[in-house]
Amino acid sequence: MNSIINMKFILIGLFCILCGYTSYAQSKDWLIDGSSFVAEVNTTHNGKRLELTNGLVRRSFLLSPNVATIALDNLMTSQNELRAVRPEATLVINGKEYPVGGLTGQPVSNFLTEDFIENMELCDSAFILTDYKVGKCEARFSWKANTKWISNLYPWPASGKRITFTYRAPEKAIECKGLVVRVIYEMYDGAPILSKWIEVENKGLQSVTLNSFKSEILALVETAPKVHYGEPHEVRMMAQESGNYTKNYKKSPVQTDSPRDYIDRFTQLFVVTDYAMGGDMEAMKDNPAVRWVFDHPEYESTGIRYYGQYKPSRLEVTPLIGPGYEIAPGKSFESCSAFEMLRDATDQERRGLAECKFWRMMSPWTQENPIFMHVRESGEQEVKQAIDQCAEVGFEMVIMTFGSGFQIENHSATYLQKMKELSQYAARKGIAIGGYSLLASRGAKPEDAAISRHTGKPANTRAEGSRFGVSPCLASDWGNAYFDKLKNFFSTTGMNVFENDGSYPGDPCASTQHSGHKGYEDSQWQQWRKMSVFYRWCRANGIYLNVPDWYFLNGSNKTPMGYVETNWSLPRKYQEIIERQNIYDGTWQKTPSMGFMFVPLTQYHGGGEAATIEPLCEHLDHYQTRLQNLFGAGVQACYRGPRLYDTDQTKEIVKLWVGFYKKYRSILDSDVIHLRRPDGMDWDGLMHVNPKLKQKALISVYNPLDIKVEKEIRIPLYYTGLTDQALVKEQDSNGKLYKLNRDYSITVKITIPAKGYNWYVIE
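Right, let's walk through the structure included here. Since we're looking at a predicted model, the values are computed, not measured.

Focus on the overall build of the chain
Move 1: Within the chain one finds 14 helices and 38 strands.
Move 2: Buried residues in the chain amount to 61% of all 763 residues.
Move 3: Across the chain, every contact between residues at least 6 apart in sequence was considered, and the portion connecting residues at least 24 apart equals 71%.

Regarding the environment of Gln581
Move 1: Along the polypeptide, Gln581 turns up in helix H11 (residues 572-586).
Move 2: Spatially, the C-alpha atom of Gln581 lies 9.9 Å from that of Gly685, the residues being 104 residues apart in sequence.
Move 3: Setting aside residues up to four positions removed in sequence, Gln581 forms contacts with Arg677, Pro678 and Asp679.

Points about the sheet that holds strand E16 (residues 216-220)
Move 1: Strand order in the open sheet made by the four strands is E6-E16-E19-E18, with antiparallel pairing throughout. Across the chains shown, the open sheet's two edge strands, defined by having one partner strand only, are strand E6 (82-84) and strand E18 (290-293). Shown here is a sheet whose adjacent strand axes are inclined to one another by a mean of 40°, direction ignored.
Move 2: Of the strand pairs in this sheet, E16 and strand E19 (residues 314-317) are connected by four bridges, and their pairing is antiparallel. Bridge pairing in E19 links Ile217 to Glu316.

Concerning unusual backbone geometry
Move 1: For the bond running from Gly322 to Pro323, omega is 20°, close enough to zero to count as cis.
Move 2: Relative to the helices and strands, Pro323 is located in the loop between E19 and strand E20 (325-327).
Move 3: For the bond from Glu614 to Pro615, the omega torsion is -10°, close enough to zero to count as cis.
Move 4: Counting through the fold element by element, Pro615 comes out in the loop between strand E29 (595-600) and helix H12 (620-633).
Move 5: Positive phi outside glycine occurs at His45, with the angle close to 50°.
Move 6: Mapped onto the secondary structure, His45 falls in the loop between strand E1 (40-44) and strand E2 (49-53).
Move 7: A relative accessible area of 47% places His45 in the partly exposed class.
Move 8: Even without glycine at this site, Asp732 takes up a positive phi of about 65°.

A closer look at the pairing of strand E17 (residues 269-273)
Move 1: Taking burial as the measure, the five residues of E17 include five buried ones, the bulk of the element.
Move 2: Burial along E17 is two-sided: the face carrying Leu269, Val271 and Thr273 and the face carrying Phe270 and Val272 are both buried.
Move 3: Judged from the five bridges that link them, E17 and strand E22 (residues 338-342) form a sheet pairing that is antiparallel. Across the sheet, Val271 pairs through a bridge with Glu340, a residue of E22.

So, the sheet that holds E2
Adjacent strands of a sheet form backbone hydrogen bonds with each other and so pair up, either parallel or antiparallel.
Move 1: Reading across the sheet, the five strands line up as E1-E2-E3-E4-E5 and stay open at both edges, with antiparallel pairing between neighbours. Across the chains shown, the open sheet's two edge strands, defined by having one partner strand only, are E1 and strand E5 (79-80).
Move 2: Pairing analysis gives six bridges linking strand E3 (residues 57-62) to strand E4 (residues 68-74), with the strands arranged antiparallel. Note that in E4 the partner of Leu62 across the bridge is Ala68.

Digging into the side chain of Arg59
Move 1: Residue placement: Arg59 occurs in strand E3.
Move 2: Here Thr69 takes part through its side chain, which lies 3.1 Å from a polar atom of the side chain of Arg59.
Move 3: Among the polar contacts listed, one links the side chain of Arg59 to the side chain of Glu216, at a separation of 2.8 Å.

Notes on the packing of helix H9 (residues 477-493) against helix H10 (residues 520-540)
Move 1: Orientation of H9 relative to H10, taken along the N-to-C sense of each, is 5°, at an axis distance of 11 Å. As summarised for this structure, H9 and H10 are arranged roughly parallel, according to the angle between their axes. Seen from H9, the contacting residues are Asn480, Phe483, Leu486, Lys487, Phe490 and Ser491; seen from H10, they are Lys530, Met531, Phe534 and Trp537.
Move 2: Here the residues of the contact of H9 with H10 sort into six nonpolar, two polar and two charged.

Definitions and cut-offs
- Residues numbered from 1 in each chain as written.
- Predicted model: local features only at pLDDT ≥ 70, side-chain atom pairs only at ≥ 80, totals over all residues.
- Heavy atoms only, no water.
- Helix = DSSP H or I, 4+ residues; strand = E, 2+ residues; numbered from the N terminus.
- Buried < 20%, exposed > 50% of the residue type's maximum accessible area, 1.4 Å probe, protein only.
- Contact = heavy atoms within 4.5 Å.
- Pairing = 2+ DSSP bridges.
- Axes fitted to C-alpha atoms, helices over the stretch in contact; angles between N-to-C directions.
- Polar contact = N/O pair within 3.5 Å; in protein donor to acceptor, adjacent residues only side chain to side chain.
- Parallel < 35°, antiparallel > 145°, perpendicular 65-115°, else oblique.
- Nonpolar A, V, L, I, M, F, W, Y, C, P; charged D, E, K, R; others polar.

The quantities given are spatial measurements derived from coordinates; they are silent on function.
So, in structure tokens, the structure goes:
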């Protein structure tokens, strides 16, 4: 009987794969309804093993003679993703490396069997398990939610189970006497996601230095085709282009990264950390602590070779340098957190939806999606006019933009009082307000700058170790003063929006004179901590963070959707289609609320009158198209200029589309299904889906042509949760009932006016 049931599900899975969807029936699909997948911790094998599972993923641990991960099972695909045992972590303390947990004696690293597990032995230099504790997931930091901007609120912390393994130092490691190591895992309900980090507590009598650590080491099965040696982060990000780094990657002391986007396409494990920096504004590129490396020497002798090329088949989570952290007696160290999500498909749409679910769950503040304006001048009258206009048309936030004259670091009593009065004025109008601060690339005095270890002078180029020119070192007296001024500004004025441009990109600093770090080795870690602690403080105090960097896991709300700034100096008619392309491309890996766009009401990066919308009343068709593009996608933009409207007619158009967004806010903030990419040759469009809402979908379609478009298009409704029929309403009226095809699709005739927009609601 069981074999018949299993065959039934296999056949369903094969059918769904052929249709381009998931390998699960809808009733078992976590992306549609994950409520049945609840995390639990189970002991097995007479208490000798432990399983952390939620029905989607299972991580299994051997408990004796030491803790070792012996399986990472993808329960969605029935595949084991692990092929060899590695330590649970490694620490380099006072210059010596110590594994934490793990076993030795696996004869080959290509696969792992029960016989191998039974015959493996304790490593005598490893930290040894003393006990473990099971509990609930806990919040990594506090979050004061702005719920009026969130239409799809996820709980914080995400519910699930936590395991804390506690280890003592090996007897022969005298310098580690008194050190207690904790390795913490959390697995979450409703999604194939777990997180991991380590803590090191010094209960001894002497200080120790944690030179480096690896908080995760997984010898994973090979899924990628052959690749050439990629560019290490040491080269790509920190410009260490000397010696073995470029001469011979294979023999380099630094294990080499594979190209990140290449790995992302082929591996079933999505991995990011909160140690994110770099300025590339992409999850995979701005996570330098995530290393996909060649598993040598353990695997080199038996692994498959491709004419001298090896597959990057080991995951390591480790900072680029350092942390070089001194742990004094009675003090502790906490690592960055790694987040791992197993995937169940290779198609781009499903993988993208899984990533969006990840960010909704692990960083639910990213779903705050206020409608905001970038006011170009910070004078009292200019700001009040912007506040008044925002309140009149339904905008929700004013940001005093770059070049506006806003001075967040001005801590004079007079200036702070002026800003406090503006804040109070905005609050009475129901408008959030704040402003802009440039951090990286702002320049710095020599005594405050990040120092190149190559030149001994302020780093100015990538080759010297700077990502964006001369920048201040955050772990300096200047950095202390900067963050003190920011906190004082928000505490004094009551403003609740911070746009932090050029956030910390990872520049190391070789200075030995700065107050917040000792030298090069601990400089990146200490600067990252400064940045992260401040963003978490903002999160706890309800301060909205518009940050063009990938700091989501430390509290930032929004980053660019993915545009080139000089696009906005092109003629207006080109901007319309490019804007939709940016949104279409950006929402593969971001929810609509995670990325902002840009609307140059006044000139930006040149282009003159042909590129800008002012006077607004003279370009109403274009202005309306931009509003339709953005609100129809659920994406907010920086509307940069002195005003949102200049005539009653202009005001009514803005109010119309703000009202449209607010009416459909819940579905417009939901996940995106990509229908047809904009190309200027035919219609383009996307669809929002949410199986939890009454309105299961909203389709936004656009026509770039000078003639009306009428045609039948296929609408995939699998991710709406609908199974039998769908009610389709053009502009939410005149509904027509459709029966779903076996692949959960329907065919709908759409009509889009020339150079126009249309939308359809599906229930």
